[in-house]
There are 2 protein chains.
Amino acid sequence: MRIVAATKILKANDQIAAENRALLASAGVCCVNVVGSPGSGKTTLIEALLKHFAGRISAAVIEGDIAGSIDAERIAALGVPAVQINTDGACHLDAAMIAAALRELDLNGLQLLLIENVGNLVCPASFDLGEHLRIVVLSVSEGDDKAVKYPAVFQSAHALCVTKTDLLPYTNFSLPRITADIHRLNPRARCFEAAALRGEGVAAITEWLTEHLNAAKAGAKASAEK
Amino acid sequence: MRIVAATKILKANDQIAAENRALLASAGVCCVNVVGSPGSGKTTLIEALLKHFAGRISAAVIEGDIAGSIDAERIAALGVPAVQINTDGACHLDAAMIAAALRELDLNGLQLLLIENVGNLVCPASFDLGEHLRIVVLSVSEGDDKAVKYPAVFQSAHALCVTKTDLLPYTNFSLPRITADIHRLNPRARCFEAAALRGEGVAAITEWLTEHLNAAKAGAKASAEK
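Values in this document were obtained by computation on a predicted structure and should not be read as measured data.

1. Focus on the nonpolar core
Line of reasoning, step 1. Ranked by size, the top nonpolar core spans 50 residues in total, and within it A:Phe154, A:Ile178, B:Val136, B:Phe154, B:Leu160 and B:Ile178 carry the most contacts.
Line of reasoning, step 2. Elements with a minimum of two residues in this core: strand 5 (133-139), helix 6 (151-155), strand 6 (159-163) and helix 7 (175-185) of chain A together with strand 5 (133-139), helix 6 (151-155), strand 6 (159-163) and helix 7 (175-185) of chain B.
Line of reasoning, step 3. If near-sequence neighbours (up to four positions away) are discounted, A:Phe154 is found in contact with A:Leu121, A:Val136, A:Leu138, A:Lys146, A:Ala147, A:Leu160, A:Ile182, A:Leu185 and A:Asn186.

2. Thoughts on the relation of the copies chain B and chain A
Line of reasoning, step 1. When chain B is fitted to chain A, the best match, at an RMSD of 0.0 Å, comes from turning it 180 degrees and sliding it 0.0 Å along the axis. Expressed as an axis order, the relation between the two copies is that of a two-fold axis.
Line of reasoning, step 2. Interface overlap between copies: 97% of the residues of chain B at the interface are likewise at the interface in chain A, consistent with a symmetric, same-surface contact.

3. Notes on the pattern of salt bridges
Line of reasoning, step 1. The full count for this structure, using the stated rule, is 20 salt bridges over all chains.
Line of reasoning, step 2. A salt bridge links B:Glu47 to B:Arg74; the nearest nitrogen and oxygen atoms lie 2.8 Å apart. Here the residue B:Glu47 occupies a position in helix 2 (residues 42-53), and B:Arg74 occupies one in helix 3 (residues 70-76), the gap between them amounting to 27 residues.
Line of reasoning, step 3. The buried category is assigned to B:Glu47, whose relative accessible area is 14%.
Line of reasoning, step 4. Taken together, the salt bridges that share partners define one network made up of A:Asp71, B:Asp145, B:Lys146 and B:Lys149.

4. Quick notes on the interface of chain B and chain A
Line of reasoning, step 1. At the interface, 32 residues of chain B touch 31 residues of chain A.
Line of reasoning, step 2. Summed over both partners, the interface of chain B with chain A comes to about 2,700 Å²; 63% of that surface belongs to carbon and sulfur atoms.
Line of reasoning, step 3. When residues of chain B are sorted by the area they lose upon contact with chain A, B:Pro38, B:Lys149 and B:Tyr170 head the list and together hold 21% of the total.
Line of reasoning, step 4. Across the salt bridge formed by B:Asp71 and A:Lys149, the nearest N and O atoms sit 2.7 Å from each other.
Line of reasoning, step 5. Linking chain B with chain A are seven residue pairs in polar contact (both at pLDDT 80 or more), by the criterion used here.
Line of reasoning, step 6. Elements that contribute at least two residues to the side of chain B that touches chain A include exactly helix 1 (2-26), helix 3 and helix 5 (146-149) of chain B.

5. Concerning the pairing of strand 6 of chain A
Residue and element names in this part refer to chain A.
Line of reasoning, step 1. The element strand 6 is extensively covered by neighbouring structure, given that five of its five residues are classed as buried.
Line of reasoning, step 2. Here strand 6 shows a buried face lined by Ala-159, Cys-161 and Thr-163 and a second buried face lined by Leu-160 and Val-162.
Line of reasoning, step 3. As judged from the five bridges shared by strand 5 and strand 6, these two strands associate in the parallel manner. If you follow Val-136 over to strand 6, its bridge partner there is Leu-160.

Rules behind the numbers
- Residues numbered from 1 in each chain as written.
- Chains lettered and ligands numbered in written order.
- Predicted model: local features only at pLDDT ≥ 70, side-chain atom pairs only at ≥ 80, totals over all residues.
- Heavy atoms only, no water.
- Core = buried A, V, L, I, M, F, W, Y, C linked by side-chain atoms within 4.5 Å.
- Buried < 20%, exposed > 50% of the residue type's maximum accessible area, 1.4 Å probe, protein only.
- Helix = DSSP H or I, 4+ residues; strand = E, 2+ residues; numbered from the N terminus.
- Contact = heavy atoms within 4.5 Å.
- Least-squares fit on C-alpha atoms with pLDDT ≥ 70 in both.
- Salt bridge = Lys/Arg side-chain N within 4 Å of Asp/Glu carboxyl O.
- Buried area = accessible area lost by both parts, 1.4 Å probe.
- Polar contact = N/O pair within 3.5 Å; in protein donor to acceptor, adjacent residues only side chain to side chain.
- Pairing = 2+ DSSP bridges.

Now the structure itself:
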């Protein structure tokens, strides 16, 4: 019974996710779902990306949290449009929440939409939001065994970003180990390293994102000309 | 429909949890549910507690992970009985999983049963396992805003253990802030600080646990004499 119910919910979610993705693609927006544990550094990475893109790329952010609006306030402080979703206890965002948030945003001229999921290395893996890219954020202080212990989210990602690399000297985290584990689980995933508070490693991620932003823009233009 | 289903599942869980708690209490076992984010340091704290209690307290551990048996192997290496539960994707332990694990353990003479939940600051809050105490583990590298962002798990806990305090000089984590947030959410929660890899701060937790171990033993004896 539980399995049937969960399958039904996921089917409905996938349909709304497909609608979100189509809406965003037609507007030329590249949408990125940022997932990771509580405190892995998702908001700080998003802030660093926004600072790097400031004045060059039009961006917006959807913040998912169980409670509060701390993160959306951090984003708004950068002058970037931010929509806060409070899940009211739910441990992940779903596509219907994103559909509601999209109605609050002006997609016209928008190039990059970053979604910060609820801090959770488990449940967000199962919920397609309609994103084009999924980035898993893993801080070195969480330990290098996390891909083995939480494989689904790493398998579902387009990229891994290892964060807080400035703490490497004070931990026993092994970059070769996590990279090997990721490539075994998900051979095509890109691996990045960053100390986002210092801005280190952010440029490589923005280069990779820029390729996808250009592809999204070209795709929307080609569709419009058909 | 989803809400009704969830309520039914939780009701069944609560009944099994009550049975687990009664079984453990009659055997004089104090059961502790250790929850926290992936990589917050739950296993390392459990190892430090076991080392401190070695030769004095009879302990066992139930390890909850989505996949793998890394943590149970770490515990077994200390010569402590360990049962690994693989949740096969589920983001939390439930009381039925614990009931199954209890059948694998010899409760006779056991004093302390530590349960390490799946790394998740959200879903485990809603699932009573039949424990007597719940400890939330929060590492300083996760940030001091976590009580505000994930209130339910902090509200449900008997104690907070702030871990990895050796990283305090390299982070902007504020102990006064998290302590104030916890006491606002949960005035009766005990607050501990530890650098468990170094064994720092562990003695205070074992003192607190010892009071509960003695109470569990006395309770079982009183029941048996009735």
